[in-house]
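Structural features, examined
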Amino acid sequence: MISFVWAEDKNHVIGVDGHLPWKLPNDMKRFKDVTTGHPIVMGRKTFESFPNGPLPNRLNIVISRNADYKVPESVVLLTDKSELSEYVKSDDEVMVIGGSGIFNLFKNDVDRLYLTRIDHEFTGDTKMVPIDYTKFNLIEKKEGVMDDKNVYPYTFETFQKN
Ligand SMILES: NC(=O)c1ccc[n+]([C@@H]2O[C@H](COP(=O)([O-])OP(=O)(O)OC[C@H]3O[C@@H](n4cnc5c(N)ncnc54)[C@H](OP(=O)(O)O)[C@@H]3O)[C@@H](O)[C@H]2O)c1
């Protein structure tokens, strides 16, 4: 099964200058909870946005058109999404974590969406690909808790393909 995990602002912005436009530690925690133990699939640029290299306790799979792109030994490099089945089991929940290039690549394969909706407008240069929500059911919705470290209103939503 293929799942998407992402956070977007009111205008579907997801990134700026190669990083996230916001700091929202509670969303980082949700991301960790949702993805730990599952393979994560990401574009080369998203991989390079991680300050401390590959994310622990998850198979990190990076997609690039450059077959010579150097990744650490624990990381799988793909040059085509058709190679994915060699590295994941058929019953894995494969977490596609962006960015927009990679969401676009898997948009016809996705079964589940883990969306963090941030009720704020940020400056950005990368947007989420359009999602046809008529093909999904909302199965969970949780208001985010705000505090001095999580200053924007946000909601965690989970959708399942009809
Ligand atoms: N808010 C969120 O939830 C979220 C999630 C993820 C990322 N982001 C943000 O989004 C931005 C990065 O996203 P992005 O869309 O610019 O980049 P990206 O999707 O992470 O990576 C793009 C790269 O992926 C490779 N690629 C894309 N399509 C491919 C294909 N069909 N076959 C093989 N390789 C392919 C290419 O790598 P090569 O150039 O090496 O060939 C391409 O340059 C950052 O600002 C990041 O922080 C936000």
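None of these values were measured; they are calculated from a predicted model.

1. Description of the nonpolar core
Phe4, Trp6, Val41, Leu84 and Phe106 are the most contacted members of the largest nonpolar core, which totals 24 residues. Of all the secondary structure elements, the ones that give two or more residues to this core are β1 (2–8), β4 (60–63), β5 (76–78), β6 (94–96), α3 (100–106) and β7 (112–118). Apart from residues lying up to four places away in sequence, Phe4 is in contact with Val96, Phe103, Phe106, Lys107, Val110, Arg112, Leu113, Tyr114, Met128 and Ile131.

2. Describing the site of the ligand
Every one of the 26 residues lining the ligand counts as a neighbour, but Ala7, Arg44, Thr46, Ser64 and Arg65 are closest to it. Leu20 places a polar main-chain atom, nitrogen or oxygen, 3.5 Å from an oxygen atom of the ligand. Take Thr46: an N or O atom from its side chain is 2.6 Å from an oxygen atom of the ligand. Relative to its free-state accessible area of 930 Å², the ligand is covered by the protein chains to the extent of 85%. With respect to the pocket detection grid, the ligand is positioned in the largest pocket.

3. Focus on the pattern of salt bridges
Per the stated rule, a full pass over the model turns up seven salt bridges. When the shortest N-O distance is used, the salt bridge between Arg117 and Glu157 registers 3.0 Å. With a gap of 40 residues between them, Arg117 in strand β7 and Glu157 in strand β10 (residues 154–161) connect regions that are remote in the sequence. Glu157 gets classed as buried once you look at its relative accessible area, which sits at 5%.

Calculation rules
- Residues numbered from 1 in each chain as written.
- Predicted model: local features only at pLDDT ≥ 70, side-chain atom pairs only at ≥ 80, totals over all residues.
- Heavy atoms only, no water.
- Core = buried A, V, L, I, M, F, W, Y, C linked by side-chain atoms within 4.5 Å.
- Buried < 20%, exposed > 50% of the residue type's maximum accessible area, 1.4 Å probe, protein only.
- Helix = DSSP H or I, 4+ residues; strand = E, 2+ residues; numbered from the N terminus.
- Contact = heavy atoms within 4.5 Å.
- Near = heavy atom within 4 Å.
- Polar contact = N/O pair within 3.5 Å; in protein donor to acceptor, adjacent residues only side chain to side chain.
- Areas by Shrake-Rupley, 256 points an atom, 1.4 Å probe, with all protein chains shown as cover.
- 1 Å grid on protein atoms, 1.4 Å probe; cavity = no way out; pocket = protein on both sides within 12 Å on 5 of 7 lines; lining within 4 Å.
- Sits in = over half its atoms within 2 Å of the grid points.
- Salt bridge = Lys/Arg side-chain N within 4 Å of Asp/Glu carboxyl O.

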